[in-house]
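What follows is the residue order along each chain.
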Amino acid sequence: TSGLIFHKKQSKNESNKNKLRDLNFVISGTFTNYSREEIKNEIIINGGKVFELALCSRCHQHGKVGYPIGPDLTNVASRFGREDLLREILLPSNSIAENYQAVELKLREGKMLSGQVIPNLDYRVPYIQIAENSLYPNKITKIDKANIIERSNSKVSLMPSGLLNLFTMDEILDLLAWLENPSK
């Protein structure tokens, strides 16, 4: 089975072209012929395993599986069609929900930091907290507000791209089928 695997080193443009080509293949080929009626229990189980192995569960929750750091995916099928859902997974920086957008901070000493701001109930505290690595959201960095000289929203998603690169097409289809089914 062919997957979205890119073993040889490619430029970003080549890699994006290949991903988009594979995305179009999935959308126009096998993927659109994969109806809900054909979904079997084995596919659902495999999709749940891919959700864990692709590290989706570190930041997303689907029912009782995963952690609620990024958007909740429990009812994602009611918000996105299959094509849109696959696009969001493969190209996470194309559209970023405002409340999950990372910030970029330029500090007085010239250092740049990027990550998700951890909300603080008291705006008067002299620091902000950010999680710099979306795969390790519990690792928090405190930054003195007085040390920040510039703050902007990042155009890059906290969700890393390429999380599905090592999975076969069938495994990706299983993941999508699992996400489409209401959690039990």
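Residues numbered from 1 in each chain as written. Predicted model: local features only at pLDDT ≥ 70, side-chain atom pairs only at ≥ 80, totals over all residues. Heavy atoms only, no water.

**Some points on the sheet that holds strand β4 (residues 112-118)**
The five strands lie next to each other as β6-β5-β4-β3-β7, forming an open sheet whose pairing is antiparallel. The sheet is open, and its two borders are formed by β6 (140-144) and β7 (148-153), each paired with just one other strand. Shown here is a sheet whose adjacent strand axes are inclined to one another by a mean of 45°, direction ignored. As defined by bridge partners, strand β3 (residues 103-107) adjoins β4 across four bridges and the pair is classed as antiparallel. Its bridge partner lying in β4, V103 is registered against G115. (Pairing = 2+ DSSP bridges. Helix = DSSP H or I, 4+ residues; strand = E, 2+ residues; numbered from the N terminus. Axes fitted to C-alpha atoms, helices over the stretch in contact; angles between N-to-C directions.)

**Notes on the packing of aromatic side chains**
This model, assessed by the stated rule, comprises one aromatic pair. For the pair F51 and W178, a centre-to-centre distance of 4.7 Å together with 45° between the ring planes defines the contact as tilted. Here F51, found in helix α2 (residues 41-53), pairs with W178, found in helix α5 (residues 169-180); they are 127 residues apart in sequence, far enough to count as distant. In terms of burial, F51 and W178 fall into one category: buried. (Phe/Tyr/Trp six-rings, centres within 6.5 Å; stacked < 30°, edge-to-face > 60°. Buried < 20%, exposed > 50% of the residue type's maximum accessible area, 1.4 Å probe, protein only.)

**Structural notes on the nonpolar core**
If you look at the biggest cluster of nonpolar residues, it comprises 19 residues, and the most contacted ones within it are F51, L164, L175 and L179. At the level of secondary structure, the elements contributing two or more residues to this core comprise α2, α4 (82-90) and α5. The element best represented in this core is α5, accounting for five residues. When residues no more than four places from it in sequence are discounted, the contact partners of L175 are G47, V50, F51 and L164. Ranked by size, the runner-up nonpolar core spans eight residues in total, among them V103, L105, L113 and I148. (Core = buried A, V, L, I, M, F, W, Y, C linked by side-chain atoms within 4.5 Å. Contact = heavy atoms within 4.5 Å.)

**Here we look at the packing of α2 against α5**
The description of two helices packed together rests on the angle between their axes and the distance between the axes. Between α2 and α5, the least distance of the axes is 7 Å, while the angle of their chain directions is 100°. Judged by the inter-axis angle, α2 sits roughly perpendicular to α5. Contacts from I43, I44, N46, G47, G48, V50 and F51 of α2 reach α5 at E171, D174, L175, A177, W178 and L179. Considering only residue class, the contact of α2 with α5 consists of eight nonpolar, three polar and two charged. (Parallel < 35°, antiparallel > 145°, perpendicular 65-115°, else oblique. Nonpolar A, V, L, I, M, F, W, Y, C, P; charged D, E, K, R; others polar.)

**Overview of the environment of L105**
Inspection of the secondary structure puts L105 in strand β3. In the structure, L105 is positioned 42 residues away from N147 in sequence and 9.6 Å away in space, judged by C-alpha atoms. Among residues more than four places away in sequence, those in contact with L105 are K111, M112, L113, I128, I130, I143, I148, E150 and R151.

**Looking at α5**
Across its twelve residues, α5 extends 17 Å between first and last C-alpha, which sits within 8% of the 16 Å expected from 1.5 Å per residue. Burial analysis of α5 places ten of its twelve residues in the buried class, the great majority of the element. (Expected span 1.5 Å × (residues − 1).)

**Description of the packing of α4 against α5**
At a minimum axis distance of 11 Å, the contact between α4 and α5 shows a crossing angle of 115°. For the element pair α4 and α5, the recorded crossing hand is right-handed. Across the interface between the two elements, R82, L85, L86 and I89 from α4 touch I172, L176, L179 and E180 from α5. Considered class by class, the residues forming the contact of α4 with α5 number six nonpolar, no polar and two charged. (Left-handed = near helix turned anticlockwise from the far one by under 90°.)

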